[in-house]
Amino acid sequence: MSETRALPITTSSDALYARALGLFPGGVNSPVRAFRAVGGVPRFIASASGAYLVDADGNRLLDYVLGWGPMLLGHAHPRVVEAVERQARDGFLFGTSTALEVELAERVRRFYPAAERLRFVSTGTEATMSALRVARAATGRSGYVKLDGCYHGHADAFLMKAGSGLATLGTPDSPGVPDAVARDARIASFNDLASVEAAFAKEPEAIAAVIVEPVVGNYGCLPPADGFLTGLRALCDRHGAVLIFDEVMTGFRVARGGASERYGVRPDLVTLGKVIGGGLPVAAFGGRADLLARVAPEGPVYQAGTYSGNPVAMAAGLATLEVLESDPALFQRVEARTGLLAAGLREILERRGIAGAVNQVGSMWTLFFGPKRVATMADVRSADRERFAQFFRGMLERGVFLPPSAFESAFLSDAHREEEIDRTLEAADESLGGVA
Ligand code: KE4
């Protein structure tokens, strides 16, 4: 007989959501936060520290969303808080250059040498749309290859069979994207090099770029198959196309130098974000110096932004990368703990006879229900979303906050210690054991 467990109080989140529904589409400022894929009322978070969130009703939640990736150090890291407070006292925004952006860019380049030169922007969407514009300008071509299931933000060019929110919303295309834009996109399949070759074969002279999440994070966590990334590199070299690695999520996450370092493939352009802002709005596009030389005001490719290089955001990113630079073992440490969690979840699935797979790359992971192996987009699509939603609710009731969608990666921070892993596995075992 399972003990009856008191359900958490959520009256404040419920009341706030009722007000939010009258203000924002779906009551949220970004679709995935609405919990539509998992059911229930979204939790409104009041504060966070380390590996934990505290919601509007005071419920403490062990956090695996981590701001969708940025909080690698954990929430409210003292070094980052101190840097943000100090900079805020010296001013928030000048609309000029600052020493902070120079310092941060030099560190970014030390971690990610393929970013020979770069430009800061405020969101991943700005970074990817700008990178595509540079690739089109450099090649004089307008076509591009996008891999089904990869998500690159919400610019028109990328809202085709995107992963992340769109897939969860079950609308593979978004209304409002002109057909003229769609005509430039060639959708190939991740880990299916032949599908990319086929896209080039049709009109090799038409394709400006291949853009890819080198480790997919927006359709759950999906590692590249052996040879896939080197294959993309060779195809782009053969056809004079620009290889764009969208490492907004994987950069400074799957290795110090992101997927480029982990898999030894150098892109022509890279987009970065999340960790490099330490939780404040920082993203960047960068890459080969000759390509970046085309960007205004040095070159004719226009790109601009009021908040690009915002001093307070730069200070947060700088403090974050200073901590990472002073503690190179952090990546292995967090990856090892993620491995403990993944192994523990696999053991529970096995012991309880539940079909499923746990994918992990670095400190990104996803539990898929159904398929025993998830290596392609088709495998991801075959996963049981309803079973995930049930698991999500069971874990949330036990104080563990997973990404509210089967099509997202979960993350660990350096603040997730063995105690947090044990606590998560205990909650998972109970939840998967059907304990009410
Ligand atoms: P933003 O425009 O949301 O800052 O970044 C877009 C983006 C681009 N590229 C990759 C690889 C990304 O993961 C993202 C954003 N990721 C999602 C989480 N899957 C942001 C969360 C959200 O949409 O609310």
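Structural data are supplied above this passage.
Residues numbered from 1 in each chain as written. Predicted model: local features only at pLDDT ≥ 70, side-chain atom pairs only at ≥ 80, totals over all residues. Heavy atoms only, no water.

1. Observations regarding the packing of helix 3 (residues 99-111) against helix 11 (residues 311-326)
Thought 1: Running from N to C, helix 3 and helix 11 point in directions that differ by 35 degrees, and their axes come no closer than 9 Å. Here helix 3 runs over helix 11; the crossing is left-handed. Listed contacts from helix 11 to Leu-100, Glu-101, Glu-103, Leu-104, Arg-107, Val-108, Arg-110 and Phe-111 of helix 3 are Pro-311, Met-314, Ala-315, Gly-317, Leu-318, Leu-321, Glu-322, Leu-324 and Glu-325.
Thought 2: The class makeup of the residues in the contact of helix 3 with helix 11 is 10 nonpolar, 1 polar and 6 charged. (Axes fitted to C-alpha atoms, helices over the stretch in contact; angles between N-to-C directions. Helix = DSSP H or I, 4+ residues; strand = E, 2+ residues; numbered from the N terminus. Left-handed = near helix turned anticlockwise from the far one by under 90°. Contact = heavy atoms within 4.5 Å. Nonpolar A, V, L, I, M, F, W, Y, C, P; charged D, E, K, R; others polar.)

2. Some details on the layout of surface pockets
To find the voids left in a structure, one rolls a probe of water-molecule size over its atoms.
Thought 1: The computed volume of the second largest pocket comes to approximately 480 Å³.
Thought 2: Taken together, 24 residues form the lining of the second largest pocket, with Ser-97, Glu-101, Arg-119, Phe-120 and Ser-308 sitting closest to its centre.
Thought 3: For the lining of the second largest pocket, the secondary structure elements donating two or more residues are helix 3 and strand 4 (117-121).
Thought 4: For the lining of the second largest pocket, the leading source of residues is helix 3, giving 5 residues. (1 Å grid on protein atoms, 1.4 Å probe; cavity = no way out; pocket = protein on both sides within 12 Å on 5 of 7 lines; lining within 4 Å. Points joined across faces, edges and corners; volume = space filled by probe spheres on them.)

3. Examining unusual backbone geometry
Thought 1: The omega torsion of the bond from Ala-296 to Pro-297 falls at 5 degrees, within 30 degrees of zero and hence cis.
Thought 2: Positive phi is not limited to glycine here, since Phe-35 has a value of about 65 degrees.
Thought 3: Tracing the backbone shows Phe-35 in the loop between helix 1 (11-21) and strand 1 (45-49).
Thought 4: A relative accessible area of 3% means that Phe-35 is categorised as buried.
Thought 5: A positive phi angle, near 50 degrees, is found at Lys-274, a position not held by glycine.
Thought 6: Note that Lys-274 resides in the loop between strand 9 (269-272) and strand 10 (283-287). (Buried < 20%, exposed > 50% of the residue type's maximum accessible area, 1.4 Å probe, protein only.)

4. Regarding the site of the ligand
Thought 1: Around the ligand, the structure places 17 residues, and the nearest of them are Ser-30, Thr-125, Asn-218, Asp-246 and Glu-408.
Thought 2: In this structure, Thr-125 approaches the ligand through a side-chain N or O atom, which is 2.7 Å from an oxygen atom.
Thought 3: Take Lys-274: an N or O atom from its side chain is 3.1 Å from a nitrogen atom of the ligand.
Thought 4: Summarising the interface, the protein chains cover 86% of the accessible area of the ligand, which totals 540 Å² for the free molecule.
Thought 5: For the shell around the ligand, the class distribution of residues is 5 nonpolar, 8 polar and 4 charged.
Thought 6: Among the domains, domain 1 (11-64 + 329-433) and domain 2 (78-326) are the pair contributing at least three residues each to the shell around the ligand. (Near = heavy atom within 4 Å. Polar contact = N/O pair within 3.5 Å; in protein donor to acceptor, adjacent residues only side chain to side chain. Areas by Shrake-Rupley, 256 points an atom, 1.4 Å probe, with all protein chains shown as cover. Domains from an automatic or database assignment.)

5. Details of the sheet that holds strand 14 (residues 410-411)
Thought 1: The antiparallel open sheet is built from 3 strands, whose spatial order is 11-12-14. One side of each edge strand has no neighbouring strand; the edge strands of this open sheet are strand 11 (356-361) and strand 14.
Thought 2: In this structure, strand 12 (residues 364-369) lies alongside strand 14, joined through 2 bridges in antiparallel fashion. Of the residues in strand 14, the one forming a bridge with Trp-365 is Ala-410. (Pairing = 2+ DSSP bridges.)

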